[in-house]
Amino acid sequence: MQQHNEEELVERLRNPETQRDAFTQVVAAYSDSLYWHIRKMVMNHEDANDMLQNTFMKAWMNLDNFRGDSKLTTWMYKIAVNECITFLNKQRNMNNVPIDDADAYLLQTLKADEYFDGDELDLKLQKAILSLPDKQRLVFTMKYNDDMKYEDISAILGTSVGALKASYHHAVKKIEAFFADDV
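How should helix α9 (residues 161-181) be read in this particular structure?
Along an α-helix, residues three or four positions apart point the same way, because every turn accommodates 3.6 residues. Across its 21 residues, α9 extends 30 Å between first and last C-alpha, which sits within 8% of the 30 Å expected from 1.5 Å per residue. For α9, the full list of buried residues reads Leu164, Ser167, Tyr168, Ala171 and Ile175. Angular distribution of buried residues about the axis of α9 spans 100°; they occupy a single face of the element. What points out from α9, more than 90 degrees from its buried face, is the exposed set Gly162, Ala180 and Asp181.

Structure follows, in structure tokens:
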């Protein structure tokens, strides 16, 4: 969504008379990109749909708290990331998954998902990504898959651009090593 359109949309979200219609536009504009961002974190279609709904519900309930300090997109992604982190932590606790085995658990979730249609190479890439520490995984996904700018990722995660660039660089090196070791 273009910056001008986003500013216009935010104004409509603040007006009680146009708020519902504007929020319908938000859902239409961000559903796909948020779904795929969430899906890459939780690995399962059903869970991703649930997290997407939770994200939009939280956004709707907290619309009055959106001050406009960041872009609407950034705010929506921040809500989605927080929802996913909370969900993943609950899943790990419910299933008694040690933090060291979390990547294996998510990989099993991905393999079991009937909606996953990736080939063996895609599965291998997902396995490599899941082997990354949580923060590197998140940064890699946002930069590589979602093609987000470091400035936007910084606003979402509250981390400096320099630290994000370092995380991304380390993630890329680890993924390259993962593929090189498997040859």
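Looking at this model, I keep getting lost on the packing of aromatic side chains. Mind explaining?
Two descriptors summarise a pair of aromatic rings, namely the distance from one centre to the other and the angle between the planes of the rings. One pass over the full model with this rule turns up 8 aromatic pairs. Consider the rings of Phe66 and Trp75, whose centres lie 4.9 Å apart with planes at 45°: the pair is tilted. Given a relative accessible area of 8%, Phe66 falls into the buried group. On the basis of relative accessibility, which here comes to 14%, the residue Trp75 falls in the buried class. Among the aromatic residues, those joined into a cluster by ring pairs are Phe140, Tyr144, Tyr150 and Tyr168.

What's the story with the nonpolar core in this structure? I'm lost.
Nonpolar side chains in soluble globular proteins tend to be buried together. Counting 45 residues, the largest nonpolar core has Val26, Leu72, Met76 and Leu157 as the members making the most contacts within it. Listed by contribution, the elements that provide at least two residues to this core are α1 (3-14), α2 (19-42), α3 (45-61), α4 (72-94), α6 (120-130), α7 (134-145), α8 (150-157) and α9. Leaving out residues up to four positions away in the same chain, Leu72 has contacts with Glu6, Leu9, Val10, Leu13, Val26, Tyr30 and Phe66.

Just checking my understanding: could you explain the confidence of the model for the protein for this structure?
Any segment with low pLDDT has predicted coordinates that should not be analysed in fine detail. Looking at the protein as a whole, the pLDDT averages 82, with 80% of positions reaching at least 70. Helix α5 (residues 102-112) is the least confidently modelled element of the protein, averaging 52 in pLDDT, while α3 averages 94, the highest of any element.

In this structure, what is going on with the environment of Leu164? I would like to understand it.
Its location among the elements puts Leu164 in helix α9. The sequence separation of Leu164 and Tyr150 amounts to 14 residues, and the corresponding C-alpha distance is 6.9 Å. Sequence-distant contacts of Leu164, that is, excluding residues within four places in its chain, are made with Val139, Tyr150, Ile153, Ser154, Leu157 and Thr159.

What counts as what
- Residues numbered from 1 in each chain as written.
- Predicted model: local features only at pLDDT ≥ 70, side-chain atom pairs only at ≥ 80, totals over all residues.
- Heavy atoms only, no water.
- Helix = DSSP H or I, 4+ residues; strand = E, 2+ residues; numbered from the N terminus.
- Expected span 1.5 Å × (residues − 1).
- Buried < 20%, exposed > 50% of the residue type's maximum accessible area, 1.4 Å probe, protein only.
- Arc of directions from axis to C-beta.
- Phe/Tyr/Trp six-rings, centres within 6.5 Å; stacked < 30°, edge-to-face > 60°.
- Core = buried A, V, L, I, M, F, W, Y, C linked by side-chain atoms within 4.5 Å.
- Contact = heavy atoms within 4.5 Å.
- pLDDT = per-residue confidence, 0-100.

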